[in-house]
Amino acid sequence: MSSLKDRLRADLTTAMKARDELRSSTLRMVLAAVTNAEVAGKTAKTLSDDEVIGVLTSETKKRREAATAFADGGRAESAERERAEAEVIAEYLPEQLSEAEVADIVTAAIESTGAKAEGMKAMGRVMGVVQPQVKGRADGGAVAAEVRRQLGA
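Residues numbered from 1 in each chain as written. Predicted model: local features only at pLDDT ≥ 70, side-chain atom pairs only at ≥ 80, totals over all residues. Heavy atoms only, no water.

Q: Just checking my understanding: could you explain unusual backbone geometry for this structure?
A: Phi is mostly negative for residues that are not glycine, and the peptide bonds are mostly trans. One non-glycine residue with positive phi stands out, namely Arg19, at about 55°. Inspection of the secondary structure assignment puts Arg19 in the loop between α1 (3–17) and α2 (21–39). Classification of Arg19 as exposed rests on a relative accessible area of 75%. (Helix = DSSP H or I, 4+ residues; strand = E, 2+ residues; numbered from the N terminus. Buried < 20%, exposed > 50% of the residue type's maximum accessible area, 1.4 Å probe, protein only.)

Q: So what exactly am I meant to see when it comes to the environment of Arg7 here?
A: Assignment of secondary structure puts Arg7 in helix α1. In this structure, Arg7 is in contact with Glu91 and Tyr92, ignoring residues within four places of it in sequence. (Contact = heavy atoms within 4.5 Å.)

Q: What am I meant to see in the packing of helix α5 (residues 99–113) against helix α6 (residues 123–134) here?
A: Helices that pack against each other are described as a pair by the angle of their axes relative to one another and the distance between those axes. Contact geometry of α5 with α6 gives a least axis separation of 9 Å together with a crossing angle of 135°. Considering their axes alone, α5 and α6 lie oblique with respect to each other. Here the hand of the crossing between α5 and α6 comes out right-handed. Together, Ile105, Val106, Ala109, Ile110, Ser112 and Thr113 of α5 and Arg125, Val126, Val129, Val130, Gln133 and Val134 of α6 make up the contact between the two elements. When the residues that make up the contact of α5 with α6 are grouped by side-chain class, the tally is eight nonpolar, three polar and one charged. (Axes fitted to C-alpha atoms, helices over the stretch in contact; angles between N-to-C directions. Parallel < 35°, antiparallel > 145°, perpendicular 65-115°, else oblique. Left-handed = near helix turned anticlockwise from the far one by under 90°. Nonpolar A, V, L, I, M, F, W, Y, C, P; charged D, E, K, R; others polar.)

Q: So what exactly am I meant to see when it comes to helix α7 (residues 140–151) here?
A: Owing to its 3.6 residues per turn, the α-helix brings residues three or four apart onto one side. Given a rise of 1.5 Å per residue, twelve residues ought to cover 16 Å, and the 16 Å separating the end C-alpha atoms of α7 matches this to within 8%. Within α7, the full set of buried residues consists of Val143, Ala144, Glu146, Val147, Gln150 and Leu151. One side of α7 carries all its buried residues, which in axial view fall inside an arc of 160°. Turning to α7, the residues buried within the fold contact α5 and α6. A positive phi of about 85° marks Gly152, the residue just after α7. (Expected span 1.5 Å × (residues − 1). Arc of directions from axis to C-beta.)

Q: I tried to follow the pattern of salt bridges on my own but got confused; where do I start?
A: Opposite charge on two side chains permits them to pair, given that their charged atoms come into close proximity. Evaluation of the coordinates by the stated rule reveals 13 salt bridges. Linking Arg23 and Asp20 is a salt bridge whose minimum nitrogen-to-oxygen distance equals 3.9 Å. Across the pair Glu91 and Arg23 runs a salt bridge, and its minimum N-O distance is 2.8 Å. With Glu91 in the loop between α4 (76–90) and α5 and Arg23 in helix α2, this pair connects stretches of sequence that are 68 residues apart. Look at the salt bridges and you will find they share partners, linking Glu21, Glu59, Lys62, Arg63, Arg81, Glu82 and Glu85 into a network. (Salt bridge = Lys/Arg side-chain N within 4 Å of Asp/Glu carboxyl O.)

The following block contains the structure:
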């Protein structure tokens, strides 16, 4: 079993004992998403820490998107709850890369693939090099935007 999943379970118990409703409900949702990912497919499997981080990343993204949708719909209280849940989940993710660090990684990937001259045609190749380096540590949309910017789109 992954140590991150164990940590999530232990923190859920602590939050329940402390009667921290936001944290306990958020951790329950996250653990349910991890369990769903484990039983998805033909055979059940135990997720590694990297796979659990992937689930946490997608859950954080869902919360950010929901917060934006609620805010656009004039439901500030619901938007704030979604943001608070995203902050709880973010505590379990690796430290996020800064924009400058993402830009440096993209620049190195463009140089290593020789993609500068090809422009946007090489975006897929550059993203293929960048994604493993930033997985779980940067938003995919922000990375893609930086690749587009550097390739001159």
